[in-house]
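Structure at a glance
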Amino acid sequence: MAPERRSGDGRLHGEVIAEDRDKAWGSQNAFTTLTTQQPDGSFVTTPYQPPDRRLQYGLEMGGGVAKGRGKWLVQVDELTRNFPGMAVPSKPQKFFAPLTASQLQTLAGRLGAATAAVSLGQAQTDYTQTMGQLTALLGPVARTERQTIAFPRFDWRLNDRNRISVGYDMVRLDAKNGMRSAPTATWGIGSFGTRTLRLDAISARLNTFVTTDVLNEIEYTHAHDLESEMADSPTPFEEQFARNSFGVPPQVAVASGSGGFKFGTPSTLNRPAYPDELRQAAADTLSWVHGRNQIDVGYALDYVRDHTSGLTYATGAYRYATKEAFVADMISPDHWDASKTGKGSLP
């Protein structure tokens, strides 16, 4: 809810609003589903209605001072939202499907040295262990959003010809893991990203009645808008990939061609200033009312300094077409060359 710009009259007045919006009270979307693996290894797809509750509060108060010479208005709006997300693979049936005999044989060759492959049993053990670690990156993700909007304003009548008005706009937004707002996402639990917004703007206006039908208005605005999108702290599994100058893991796509998901730092992050904008605006308008006609003349100056900081692919990105390719590269990175079979040792 955006505050309404009005000063009210000289009497003390106020208004309070409250809204509770809970998705549990609404209808269910038949196209939102969740596929889970059962203890017997089978997969079941069921309709999924994720929790999503929004609580909104608003307060408006205004009145007059000095026998109506001045008027004040304060508006505050608060919104809190709790909407957990779900990290899922794009096609669970394919992602969690066991390796075929030929896939396991290829994995054993890639895990071994150039002259000897590891046993099929050891390859299966390594695969099962790694898949268990990847599965730990899937599941529910705590996701919240809090937004605060405030708008105080004060009007003062200097004399019969001059009136001044000063207002301040403030917006604060913090969305923990809220960069992705869909109910489900094919990203790991540590890759949803956090979004923030900081907006401060102050404006002043001077109205001068030159004559009964001529009004001059001078206005000045100073505003600063800072928004950011930042990666979350890496999970314990991802920390082993964060041994770089940035201290965060790269983006890793596992089984991108067979229903997998991505984890690590998304390639679009971090964005500490997206944007960082400073705006200063001034205007002077002279209005003349003559009968049924009004003529306005004046000028306006608008200065904007816009700074954006956000390097794409800053920590790199890796893509593995299959699960076994990721397992081989993670457990035995120096035993896989560029040949089709993936066998051999790198120098």
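Just so it is clear, the model here is predicted, and its values are computed rather than measured. (Residues numbered from 1 in each chain as written. Predicted model: local features only at pLDDT ≥ 70, side-chain atom pairs only at ≥ 80, totals over all residues. Heavy atoms only, no water.)

Tallying secondary structure elements over the protein gives 4 helices and 17 strands in all. The C-alpha radius of gyration of the protein comes to 30 Å, more than 25% above the 20 Å expected for a compact globule of 347 residues. The principal-axis extent of the C-alpha atoms belonging to the protein is close to 100 × 50 × 35 Å. Out of the 347 residues belonging to the protein, those deemed buried represent 37%. At a minimum sequence separation of 6, the contacts of the protein that also span at least 24 residues come to 69%. For the protein, the distance from the average position of its 36 positive side-chain charges to the average position of its 37 negative side-chain charges is 2 Å. (Helix = DSSP H or I, 4+ residues; strand = E, 2+ residues; numbered from the N terminus. Rg over C-alpha atoms; globule rule 2.2 N^0.38 Å. Buried < 20%, exposed > 50% of the residue type's maximum accessible area, 1.4 Å probe, protein only. Contact = heavy atoms within 4.5 Å. Lys, Arg positive; Asp, Glu negative; His and termini not counted. Charge placed at Lys NZ, Arg CZ, Asp CG, Glu CD.)

What follows deals with the side chain of Asn 162. Looking at the secondary structure, you find Asn 162 in strand E9 (residues 162–176). The exposure class assigned to Asn 162 is buried, which follows from its relative accessible area of 18%. Apart from the residues lying within four places of it in its own chain, the contact partners of Asn 162 are Trp 156, Arg 157, Leu 206, Asn 207 and Thr 208.

In an α-helix, one turn spans 3.6 residues; hence positions three or four apart end up facing the same way. Within helix H4 (residues 323–331), burial applies to Lys 323, Glu 324, Ala 325, Phe 326, Val 327 and Ala 328. Of the surrounding secondary structure, the elements contacted by the buried residues of H4 are helix H1 (92–95), helix H2 (101–111), helix H3 (120–135), strand E13 (251–254), strand E14 (261–263) and strand E17 (317–320). Its side-chain oxygen 3.2 Å from the backbone nitrogen of Ala 325, Thr 322 forms the N-cap of H4. (Polar contact = N/O pair within 3.5 Å; in protein donor to acceptor, adjacent residues only side chain to side chain.)

Read across the open sheet, the 3 strands follow the order E7-E6-E10; overall the sheet is mixed. Edge strands, defined here as strands with exactly one partner in the open sheet, are strand E7 (139–141) and strand E10 (184–185). In this structure, strand E6 (residues 85–87) lies alongside E7, joined through 3 bridges in antiparallel fashion. Across the sheet, the residue bridging to Gly 85 is Val 141, located in E7. (Pairing = 2+ DSSP bridges.)

For the rest of this paragraph, the subject is the sheet that holds E17. Taken together, the 3 strands give an open sheet; going across it, the order is E14-E13-E17, and neighbouring strands pair in mixed fashion. Strand pairing shows two members of the sheet lacking a second neighbour, E14 and E17, which therefore form its edges. Taken over all neighbouring pairs, the strand axes of this sheet differ in orientation by 15° on average, direction set aside. Of the strand pairs in this sheet, E13 and E14 are connected by 3 bridges, and their pairing is antiparallel. Looking at E14, one finds that Ala 253 is bridged to Lys 262. (Axes fitted to C-alpha atoms, helices over the stretch in contact; angles between N-to-C directions.)

This structure, assessed with the given rule, holds 14 salt bridges. The salt bridge involving Asp 52 is made with Arg 81; its shortest N-O contact spans 2.8 Å. Residue Asp 52 is found in the loop between strand E3 (43–47) and strand E4 (53–65), and its partner Arg 81 is found in strand E5 (residues 70–82); the two are separated by 29 residues along the sequence. Accessibility classification places Asp 52 together with Arg 81 in one group, the buried group. Here the salt bridges do not stand alone but share partners, grouping Asp 52, Arg 54 and Arg 81 into one network. (Salt bridge = Lys/Arg side-chain N within 4 Å of Asp/Glu carboxyl O.)

This part is about the packing of aromatic side chains. Applying the stated rule across the entire model yields 9 aromatic pairs. Seen from their ring centres, Phe 263 and Phe 326 are 6.0 Å apart, and the 85° between their planes marks the pair as edge-to-face. Of this pair, Phe 263 sits in strand E14 while Phe 326 sits in helix H4, and the two are 63 residues apart along the sequence. Look at Phe 326 and you get buried, because its relative accessible area is 2%. Each residue in the set Phe 95, Phe 96, Phe 237, Phe 241, Phe 261, Phe 263, Tyr 320 and Phe 326 is aromatic and connected to the rest through ring pairs, giving one cluster. Directly above the aromatic system of Trp 187 lies the positively charged group of Arg 180, at a separation of 4.1 Å from the ring centroid. (Phe/Tyr/Trp six-rings, centres within 6.5 Å; stacked < 30°, edge-to-face > 60°. Lys NZ or Arg CZ within 6 Å of the ring centre and 35° of its normal.)

Moving on to the pairing of E13. The side chains of a regular strand alternate, residue by residue, between the two faces of the sheet. Judged by which residues are buried, E13 turns out to be covered on both faces: Gln 251 and Ala 253 on one side and Val 252 and Val 254 on the other are all buried. Here E13 pairs with E17 via 4 bridges, running parallel. Opposite Gln 251, over in E17, you have Ala 317 as the bridge partner. Joining the antiparallel neighbours E13 and E14 is a turn of 6 residues, in which Ala 255 adopts a positive phi near 55°.

Don't take any of this as a statement about function, it's just geometry.
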